[in-house]
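Letter by letter, the chains look like this.
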Amino acid sequence: MPLRDVLWLTGQSGVKLTIATDQPGMQVFDGRHAIRPGKPQYEALAFEAQGWPDAPTHANFPSIRVGEHTPYRQFTTYTFAKPD
């Protein structure tokens, strides 16, 4: 499966991030439930390209099955660009 751009972010400084992946899904963690005394909520973001977690129960979703002798490969790129 070819890589496709799936997420675009621009920071306050103007730095841009583009994430491309061959996976059908993107999990986004925003840290809202992290309990760190003295630290603000949402102090970090994490992005995880993945298959759909409930794919085994949906025949129309891309399969996430991995065979015993089939290597699992996933490709994701993170591209940063300076402000214009």
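Above this text sits the structure in question.
Residues numbered from 1 in each chain as written. Predicted model: local features only at pLDDT ≥ 70, side-chain atom pairs only at ≥ 80, totals over all residues. Heavy atoms only, no water.

The next subject is the overall build of the protein chain. In terms of regular secondary structure, the protein chain is built from zero helices and five strands. Taking the principal axes of its C-alpha atoms as reference, the protein chain extends roughly 45 × 35 × 25 Å. Across the 84 residues in the protein chain, those meeting the buried criterion constitute 18%. Intrachain contacts of the protein chain at a sequence separation of at least 6 include 45% that bridge at least 24 residues. (Helix = DSSP H or I, 4+ residues; strand = E, 2+ residues; numbered from the N terminus. Buried < 20%, exposed > 50% of the residue type's maximum accessible area, 1.4 Å probe, protein only. Contact = heavy atoms within 4.5 Å.)

Here we take up the pattern of salt bridges. The full count for this structure, using the stated rule, is one salt bridge. Across the pair Arg32 and Asp30 runs a salt bridge, and its minimum N-O distance is 2.8 Å. (Salt bridge = Lys/Arg side-chain N within 4 Å of Asp/Glu carboxyl O.)

Attention now moves to the layout of surface pockets. Approximately 270 Å³ is the volume attributed to the largest pocket. Around the largest pocket, the lining is made up of 15 residues, and of these Gln23, Ser63, Ile64, Tyr72 and Arg73 lie nearest the centre. Residue classes in the lining of the largest pocket are distributed as nine nonpolar, three polar and three charged. (1 Å grid on protein atoms, 1.4 Å probe; cavity = no way out; pocket = protein on both sides within 12 Å on 5 of 7 lines; lining within 4 Å. Points joined across faces, edges and corners; volume = space filled by probe spheres on them. Nonpolar A, V, L, I, M, F, W, Y, C, P; charged D, E, K, R; others polar.)

The final tally for this structure, using the stated rule, is one aromatic pair. Seen from their ring centres, Trp52 and Phe61 are 6.3 Å apart, and the 50 degrees between their planes marks the pair as tilted. Overall, Trp52 belongs to the partly exposed group, its relative accessible area being 35%. (Phe/Tyr/Trp six-rings, centres within 6.5 Å; stacked < 30°, edge-to-face > 60°.)

For the rest of this paragraph, the subject is the sheet that holds strand β2 (residues 16-21). A sheet is described by the order of its strands in space; here three strands give the open sequence β1-β2-β5, paired in antiparallel fashion. With partners counted over all chains shown, the strands left at the sheet margins are β1 (4-10) and β5 (76-81), one partner each. Strand-to-strand, the axes of this sheet are offset by a mean angle of 20 degrees, without reference to chain direction. Where β2 meets β5, six bridges bridge the pair, whose relative direction is antiparallel. Each bridged residue has a counterpart across the sheet, and for Lys16 the counterpart in β5 is Ala81. (Pairing = 2+ DSSP bridges. Axes fitted to C-alpha atoms, helices over the stretch in contact; angles between N-to-C directions.)

Another point: the side chain of Thr21. Note on placement: Thr21 falls in strand β2. In this structure the side chain of Thr21 is engaged in a polar contact, spanning 3.1 Å, whose partner is the backbone nitrogen of Gln23. In contact with Thr21, not counting residues within four places along its chain, are Pro2, Leu3, Arg4, Val6, Ala49, Phe75 and Thr76. (Polar contact = N/O pair within 3.5 Å; in protein donor to acceptor, adjacent residues only side chain to side chain.)

Here Asp84 lies in the segment after β5. Between the C-alpha atoms of Asp84 and Lys16, which are 68 residues apart in sequence, the distance is 9.8 Å.

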